[in-house]
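Listed below, chain by chain, are the residues.
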Amino acid sequence: EKGGYPDFMLKEIYEEPRTIRDTLAGRMVNGHLQFDELALNYDELAAIDRVYIIACGTSYHAGLIAKNLIEAWSRIPCEVEVASEFRYRNPIVTPSTLVVAVSQSGETADTLAAVRDARIKGAKVFGITNVVGSPLARESDGVIYIKANKEIAVAATKSFLGQVAALTLLAMLLGQLRGGLTTAQIRMLFRELADTAQQIEQILADTDTIEAAALACKDAQNALFIGRGIGSTICYEGALKLKEISYLHAEAYAAGEMKHGPIALIDPGFPVIVVATKSPTYDKVISNIQECKARGALVVAIATEGDEEIKKHADYVIYIPKVRDCFSAITASVPLQLFARSIALARGCDVDQPRNLAKSVTVE
Ligand code: F6R
């Protein structure tokens with residue numbers, strides 16, 4: 001059943017290129033985005049003045065990435081909130097609110113409860129899920145399916161990438177509706193999004209540095225993940241993956257926050273994993289690395305292929321192909337998943353079935 005892989009997690013990571021391809025299949029026809037099943041009412045969509053993305057865990061992290069894209073391309077204010085918080089306060093939801101609920105299983109109790117509340121308040125609800133016919137699919141006004149096939153490992157991997165891909169398509173659609181993106185830009189973005197499948201294959205073809213970095217960090221008590229912009233959102237997911245499968249305590253921070261507290265943690269050998277891909281804030285991230293190095297941190301950097309400079313600053317450099325900044329959310333997440341898995345295995349953990357966790361959380 002594991003198709004020759006030692007565990008489902010690794011098998012599912014290797015299925016990521018296919019997940020991207022399948023999630024995008026049929027979405028661009030004659031140069032136009034296709035979402036027939038959303039039963040789009042363009043007048044309703046044009047009236048949207050606020051987007052809420054609600055989800056739990058890894059799906060919430062996919063939402064954090066999407067917020068950046070939705071606001072950049074459509075200029076519609078977008079908030080991301082964990083479903084268990086959203087449902088117990090009184091969020092500003094009106095008939096002109098679009099709620100996007102993200103859930104791999106489509107049956108997470110808090111996410112469903114939040115969807116029900118939002119619908120009572122008249123919001124339009126789109127579901128992003130992997131499971132056809134799931135409660136989320138049934139209770140949403142429209143669904144975008146991610147085509148990850150069944151995910152067995154408790155830790156979400158390929159479904160996360162599918163969610164990011166599907167949410168990127170939704171952000172493109174909103175951008176098109178609001179005039180933030182031209183048809184030509186949409187075509188270009190779609191092509192680049194599709195290219196990430198092949199770029200992931202490239203990452204999977206050489207994982208030696210990821211392995212070496214993981215071995216260097218395996219005996220740590222704590223680890224910090226830092227980045228800026230899209231890089232910071234990837235860090236939240238990288239830290240979650242590490243703690244849930246290896247039980248190594250990890251935190252993620254926007255790198256600009258280091259001086260406001262977390263840098264006090266750094267002592268010699270403290271692992272700091274930095275998403276340092278080429279982005280508008282690259283230079284700032286390098287400064288953050290230098291500050292950590294000056295205090296003896298063990299720095300593992302995820303960097304853009306061809307960046308030789310970074311070798312001067314980091315102990316381990318994991319290179320990923322050059323992509324548009326927003327698509328680094330997809331590519332940079334892959335080495336972080338492999339990194340977490342390697343540490344978990346080195347610590348003798350069961351990567352597919354971590355203690356205390358269930359694949360779907362259908363009770364609160
Ligand atoms: C982490 C993980 C969980 C889920 C969360 C939401 O690897 O898998 O954090 O992401 O329980 O589950 P869904 O997406 O099914 O609502």
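Reading the values: rules and limits
Residues numbered from 1 in each chain as written. Predicted model: local features only at pLDDT ≥ 70, side-chain atom pairs only at ≥ 80, totals over all residues. Heavy atoms only, no water. pLDDT = per-residue confidence, 0-100. Helix = DSSP H or I, 4+ residues; strand = E, 2+ residues; numbered from the N terminus. Contact = heavy atoms within 4.5 Å. Polar contact = N/O pair within 3.5 Å; in protein donor to acceptor, adjacent residues only side chain to side chain. Buried < 20%, exposed > 50% of the residue type's maximum accessible area, 1.4 Å probe, protein only. Pairing = 2+ DSSP bridges. Near = heavy atom within 4 Å. Areas by Shrake-Rupley, 256 points an atom, 1.4 Å probe, with all protein chains shown as cover. Nonpolar A, V, L, I, M, F, W, Y, C, P; charged D, E, K, R; others polar. Axes fitted to C-alpha atoms, helices over the stretch in contact; angles between N-to-C directions.

This part covers the confidence of the model for the protein chain. A residue-level look at the protein chain finds 100% of positions with pLDDT of 70 or above and a mean pLDDT of 95. Among the prediction metrics, the complex's ipTM stands at 0.98, with pTM recorded as 0.97.

With respect to the helices and strands, H249 occurs in strand 9 (residues 249–254). H249 sits 28 residues away from Q221 along the chain, and the two C-alpha atoms are 6.4 Å apart. Excluding its chain neighbours within four sequence positions, the residues that come into contact with H249 are Q221, N222 and A223. One polar contact links H249 to N222, side chain to side chain, over a distance of 2.8 Å. There is a polar contact of 2.8 Å between the side chain of H249 and the side chain of E251.

Looking now at the pairing of strand 5 (residues 97–103). Of all the 7 residues making up strand 5, 7 are buried; the element is thus mostly covered by neighbouring parts of the structure. The sheet contact formed by strand 3 (residues 50–55) and strand 5 spans 6 bridges and is parallel. Paired with V51 across the two strands is L98, which belongs to strand 5. For strand 5 and strand 6 (residues 124–129), the ladder comprises 6 bridges, and the chain directions are parallel. Looking at the pairing, A101 lines up with G127 of strand 6.

Here we come to the site of the ligand. Near the ligand you find 13 residues, and of these S59, S103, Q104, T108 and E244 are the closest. S105 is positioned such that a nitrogen or oxygen atom in its side chain is 2.7 Å from an oxygen atom of the ligand. Backbone polar atom of A156 to an oxygen atom of the ligand: 2.9 Å apart, as the coordinates give it. Compared with its free state, where it exposes 400 Å², the ligand has 89% of that area covered by protein. For the shell around the ligand, the element with the highest residue contribution is helix 4 (residues 57–74), accounting for 3 residues. Each residue belonging to the shell around the ligand can be placed in one class, and the counts come to 4 nonpolar, 7 polar and 2 charged.

A few words now on unusual backbone geometry. Notably, N149 is not glycine yet its phi reads approximately 60°, a positive angle. You can see N149 is positioned in the loop between strand 7 (142–145) and helix 8 (158–177). For Y247, which is not a glycine, the phi torsion comes out positive at approximately 60°. Within the secondary structure, Y247 is located in the loop between helix 11 (230–246) and strand 9. Taking the relative accessible area as the measure of exposure, Y247 reaches 27% and is therefore partly exposed.

Attention now goes to the sheet that holds strand 4 (residues 78–82). Across the sheet, 5 strands lie side by side as 4-3-5-6-7; this open sheet has parallel pairing. The open sheet has two edge strands with one neighbour each: strand 4 and strand 7. Ignoring strand direction, the axes of neighbouring strands in this sheet form an average angle of 20°. Looking at chain direction, strand 3 and strand 4 are connected through 5 bridges and run parallel. Bridge pairing in strand 4 places I53 opposite V80. Contacting strand 3, strand 4 and strand 5, helix 4 runs over the sheet at an angle of about 175° to strand 4.

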